[in-house]
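Structure assessment
Chain residues, written in single-letter form:
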Amino acid sequence: MEAVVAVHDELMPKMTTISRLQEQLSESLPDSIRSEKQQAVIDELEAANDAMMDWMQDFGTAFDFEEINKGKPLTAAKQDSLKKYALSVQALKTQMLAAIANGQKAFETLKQNR
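Throughout what follows, the structure given in this document is the object of discussion. (Residues numbered from 1 in each chain as written. Predicted model: local features only at pLDDT ≥ 70, side-chain atom pairs only at ≥ 80, totals over all residues. Heavy atoms only, no water.)

**Things to note about the side chain of His8**
Within the element layout of this structure, His8 appears in helix H1 (residues 2-28). In this structure His8 touches Met52, Trp55, Met56 and Val89, once residues within four positions along its chain are discounted. (Helix = DSSP H or I, 4+ residues; strand = E, 2+ residues; numbered from the N terminus. Contact = heavy atoms within 4.5 Å.)

Okay, here's the thing in structure tokens:
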């Protein structure tokens, strides 16, 4: 549980980065002049944000406060579920980091082309 929560905690501040990049790209590129590639980057950022929100909601439903924060023992079924969440949070991390990298690259390219 601690390892899963640690990855979650590492990703939480990146939500701000994702939101900021979405905003910067959207404001800099009105819909009417966005290329498909630029729109894809904005969509990728939105998908990463949505994936994090969905993951947190699902995780919070699967485990209660004491299990997440107080070390309450897990049933065998919840231990199996936690293993799946450990894998899914790593996939989420990969998704979020890729979206951020692509968003930053797109924004830097945009700034250079001005």
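Now, onward.
**Focus: the packing of aromatic side chains**
What the rule picks out here adds up to five aromatic pairs. Each ring, one from Trp55 and one from Tyr85, has its centre 5.9 Å from the other, and the planes form 80°; the classification is edge-to-face. A residue pair is termed long-range when its members are at least 10 positions apart, and Trp55 in helix H2 (residues 36-62) and Tyr85 in helix H4 (residues 76-112) qualify at 30 residues. Grouping residues by exposure puts Trp55 and Tyr85 together as buried. Judged by centre distance (5.0 Å) and plane angle (50°), the rings of Phe59 and Phe63 are tilted. Accessibility classification places Phe59 together with Phe63 in one group, the buried group. An aromatic cluster of three or more residues is present, and its members are Trp55, Phe59, Phe63 and Tyr85. (Phe/Tyr/Trp six-rings, centres within 6.5 Å; stacked < 30°, edge-to-face > 60°. Buried < 20%, exposed > 50% of the residue type's maximum accessible area, 1.4 Å probe, protein only.)

**With respect to the side chain of Thr17**
Inspection of the secondary structure puts Thr17 in helix H1. We classify Thr17 as buried; its relative accessible area is 18%.

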